[in-house]
Amino acid sequence: MPDIMTPFGLAIDLETGDMVAATNRLVRRASDMRGYYADAEALDRLIQEQDDPLHYEVFELPVPPENGQLMYCISKLQPGQVGQEFFMTKGHYHSVSATAEIYLCLAGRGYMVMKTAEGKWATEEMMRGRMVYVPPHWAHRSVNTDANETLVSFCVYPGDAGHNYGDIEREGLGKRVFQRGGDIVLE
Ligand SMILES: [Fe+2]
């Protein structure tokens, strides 16, 4: 018999996403996002003029990264734009591509932008109380389209899924989300 893990519980503030028990905090600043936005010069200006602002954070209290476990996290994506493109996460496939993920949005507004390696793409709206199911084999990225509010979501995915960022860094997500004359536009 394998070692049996001890059950546990923890608190998550459903307004702010604060997970006090988290031991891991992944921080992405604007400078970590070089190469991801359409307007590289606008990103450089943002880094210089706003002293490399916080872009997004992921909070975890990790469980063993094994088949059968469920990894979970809180993601907080700041509001803002790089040129006319809304702030977004890097986006990734899972290293074990055939693994799904659930995102439950707790605050803010935005989109989950998704694509397959074959070039299919999809978006789902994110807003408080809305869940998005990302099926196996779909790369995924969240985009914050609110002017002021942080986009907060709770995610759950298989413990052995892992993250593959490199493919999306090279090939992009297929669609970008811009503010064009007051409208939110996918291009
Ligand atoms: Fe994921």
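Quantities reported herein were computed from a predicted structural model and do not represent experimental measurements.

**Focus: the sheet that holds strand E10 (residues 139-144)**
(1) Moving on: Within the open sheet, the three strands sit side by side as E8-E7-E10. Their pairing is antiparallel. Either end of the sheet is taken by a strand with one partner, and the two such strands are strand E8 (121-127) and E10. For this sheet, the mean inter-axis angle between neighbouring strands, taken without regard to orientation, is 20 degrees.

**Quick look at the coordination of the iron ion**
(1) Moving on: The iron ion binds to the protein through His92 (NE2), His94 (NE2), Glu101 (OE) and His140 (NE2), with metal-donor distances spanning 2.0 to 2.3 Å.
(2) Moving on: Given four donor atoms and angles of 81 to 167 degrees at the metal, the environment of the iron ion is assigned as irregular.

**What about the pairing of strand E7 (residues 109-115)?**
(1) Moving on: Burial analysis of E7 places six of its seven residues in the buried class, the great majority of the element.
(2) Moving on: Pairing geometry for E7 and E8, over seven bridges, is antiparallel. Bridging from a neighbouring strand, Gly110 pairs with Met126 of E8.
(3) Moving on: Linking E7 to E8, which pair antiparallel, is a turn of five residues; within it Gly119 sits at a positive phi near 100 degrees.
(4) Moving on: Looking at chain direction, E7 and E10 are connected through six bridges and run antiparallel. For Lys115, the partnering residue across the bridge sits in E10 and is Ala139.

**With respect to the layout of surface pockets**
(1) Moving on: By volume, the largest pocket amounts to about 290 Å³.
(2) Moving on: As for the largest pocket, its lining consists of 22 residues, and the residues nearest its centre are Leu26, Val58, His92, His163 and Tyr165.
(3) Moving on: Looking at the lining of the largest pocket, the elements that each hand over two or more residues are strand E1 (24-29), strand E2 (54-60), strand E3 (70-77), strand E6 (101-107), E10 and strand E11 (151-158).
(4) Moving on: Here the lining of the largest pocket is composed, by residue class, of nine nonpolar, eight polar and five charged.

**Remarks on a nonpolar patch on the surface**
(1) Moving on: On the surface, Ile102, Leu104, Met131 and Tyr133 cluster together into a nonpolar patch covering about 350 Å² of accessible area.
(2) Moving on: Note that Leu104 resides in strand E6.
(3) Moving on: On the basis of relative accessible area, Leu104 is assigned to the partly exposed category, the value being 32%.

**Considerations on the pattern of salt bridges**
In a structure, side chains of opposite charge can pair up when their charged atoms sit close to one another.
(1) Moving on: Considering all chains together, one arrives at ten salt bridges under this definition.
(2) Moving on: Residue Glu15 is joined to Arg128 by a salt bridge in which the shortest nitrogen-to-oxygen separation is 3.4 Å. With a gap of 113 residues between them, Glu15 in the segment before E1 and Arg128 in the loop between E8 and strand E9 (131-134) connect regions that are remote in the sequence.
(3) Moving on: Note that Glu187 is salt-bridged to Arg180, the shortest N-O span being 2.8 Å.
(4) Moving on: Judged by its relative accessible area of 31%, Arg180 falls in the partly exposed class.

Quick notes on the rules
Residues numbered from 1 in each chain as written. Predicted model: local features only at pLDDT ≥ 70, side-chain atom pairs only at ≥ 80, totals over all residues. Heavy atoms only, no water. Pairing = 2+ DSSP bridges. Helix = DSSP H or I, 4+ residues; strand = E, 2+ residues; numbered from the N terminus. Axes fitted to C-alpha atoms, helices over the stretch in contact; angles between N-to-C directions. Donors = N, O, S within 2.8 Å, 3.2 Å for Na, K, Ca; no water. Tetrahedral: all angles 85-135°; square planar, octahedral: opposite > 155°, others 65-115°. Buried < 20%, exposed > 50% of the residue type's maximum accessible area, 1.4 Å probe, protein only. 1 Å grid on protein atoms, 1.4 Å probe; cavity = no way out; pocket = protein on both sides within 12 Å on 5 of 7 lines; lining within 4 Å. Points joined across faces, edges and corners; volume = space filled by probe spheres on them. Nonpolar A, V, L, I, M, F, W, Y, C, P; charged D, E, K, R; others polar. Patch = residues over 30% accessible without salt bridge, like charges linked within 9 Å, V, L, I, M, F, W, Y side chains within 5 Å. Areas by Shrake-Rupley, 256 points an atom, 1.4 Å probe, with all protein chains shown as cover. Salt bridge = Lys/Arg side-chain N within 4 Å of Asp/Glu carboxyl O.

Read these as layout, nothing more, since geometry by itself doesn't imply function.
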